[in-house]
Amino acid sequence: MWGFIYVSVFLIVFVISIIVKISYHPGLKDYSVKWDSSMGTIYTDIPYGENNANRFDIYVPADNTKKTYGLVVYLHAGGFTTGDKSDDAEMLKWLCSKGYVAAGINYTLRDEKHPQASVYSQSMEIKQSMPYIAEKSKELGYPVDKMAISGGSAGGTLALLYAYRDADTSPIPVKMVFELAGPASFHHEDWKNYGLDQNEEAAANLFSIMSGNNITVDMIESDDYDNEIRDISACMWINNNSVPSVIAYGVYDKICPFDSSRHLINALKENNVPYDYFEFPHSGHGLQNDDKIYIQYMEKVCEYLDRYLGR
Amino acid sequence: MTLMQKRILILLVIIIIAAILGRLTVRIFMNLLLGGSLFGGNFL
């Protein structure tokens, strides 16, 4: 009888412990809201191009009395091959609850139906969407005159590219970028996690797919390589005028190699760009083991939003 | 210590071990998928 009780109690507590570990993050509740219609309105699937994926969602706050608004764009994760703007609904609602116009954008994912899609083509779609977002905001009575761009993982890469490469031509002035674990450089020596140091052909294939250019094994070791990956390497576009940045990377990241982040940090440092960098010493790509640092990251994001976009 | 007290003590030890193992299991699984250290940071 007592043996049965011991086993039952073990199993019950074990399962409860798993559920609590997955779902209970008390410090993070400040960065989400229980959404209701009194906070704002959500408009979904607004087209910005001809591809099926060319759609964005826009979240406008309830307060429509301001002359102008700050826009925060949040780009979804998914390794450039999966994901959807609805994945970030919680973040977008939270941003909207702070008084910003928030937008999530879908872009054409690289999959069997779209074998030509690349990081480059996706970044160009994001660029293409911006005039439509500006126009829609205005149409809804929320004209935007400044913006922040953000994202996680693949979304982080696309956010950094827009912030550093495309900000000069943006229809809405870009004031800042914040992102989590987005690859900002594609120097092959940093991508050893993928076994690319042992297989140059695999490296050439991966970076060809990423860039949308035909990169050969010979090119990887040559000076041409930097030119071929420049359009998808956010860190190569940083200059003295680049926008303030809040960035975060996990030391144990296997997906976005941690070593690749040093190029971004060095470029920000060398060009005197205002930035804050958060290193997650126990975490991988999900930044999952350092909640305290995640809270510090979000506090800094709030500080930047207040400073560069206003309330 | 009575037999009942011993049984309750064993039960408490089992609860603590199960709670730790549950959290550790999630952490190990997530670390396998995403990378990460086994200890440090969030408790387990």
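From a predicted model like this one, the values you see are computed outputs, not experimental measurements.

### Focus: the pairing of strand β7 (residues 245-250) of chain A
All names here are of chain A.
Here's step 1: With six of six residues buried, β7 is to be regarded as a mostly interior element.
Here's step 2: Residues of β7 alternate between two faces, with Ser245, Ile247 and Tyr249 on one and Val246, Ala248 and Gly250 on the opposite face, all of them buried.
Here's step 3: Sheet topology places β7 next to strand β8 (residues 275-280); six bridges connect them, and they run parallel. Note that in β8 the partner of Tyr249 across the bridge is Glu279.
Here's step 4: Taken together, β7, helix α8 (residues 258-270) and β8 form a β-α-β motif whose crossover is right-handed.

### Quick look at the packing of helix α3 (residues 119-139) of chain A against helix α4 (residues 154-166) of chain A
Residue and element names in this part refer to chain A.
Here's step 1: Packing of α3 against α4 brings their axes to within 10 Å, and their N-to-C directions diverge by 65°. Here α4 runs roughly perpendicular to α3, going by the angle between their axes. Crossing of α3 over α4 shows right-handed handedness. Taking contact as the criterion, the partners of Val119, Gln122, Ser123, Ile126 and Lys127 in α3 are, on α4, Thr157, Leu158, Leu161, Tyr162 and Asp166.
Here's step 2: Here the contact of α3 with α4 is composed, by residue class, of five nonpolar, three polar and two charged.

### A closer look at the UniProt feature "transmembrane region" (unreviewed entry) in chain A
Here's step 1: The UniProt feature table records "transmembrane region" (unreviewed entry) at residues 6-24 of chain A.
Here's step 2: The span residues 6-24 of chain A carries 95% helix and 0% strand; its end-to-end C-alpha distance comes to 26 Å.

Basis of the calculations
Residues numbered from 1 in each chain as written. Chains lettered and ligands numbered in written order. Predicted model: local features only at pLDDT ≥ 70, side-chain atom pairs only at ≥ 80, totals over all residues. Buried ≥ 20, exposed ≤ 12 C-beta atoms within 10 Å, placed from the backbone. Helix = DSSP H or I, 4+ residues; strand = E, 2+ residues; numbered from the N terminus. Pairing = 2+ DSSP bridges. Right-handed = clockwise from strand over helix to strand, strands pointing away. Axes fitted to C-alpha atoms, helices over the stretch in contact; angles between N-to-C directions. Parallel < 35°, antiparallel > 145°, perpendicular 65-115°, else oblique. Left-handed = near helix turned anticlockwise from the far one by under 90°. Contact = placed C-beta atoms within 7 Å. Nonpolar A, V, L, I, M, F, W, Y, C, P; charged D, E, K, R; others polar. UniProt positions renumbered as here; feature names shortened; annotations may be inferred.

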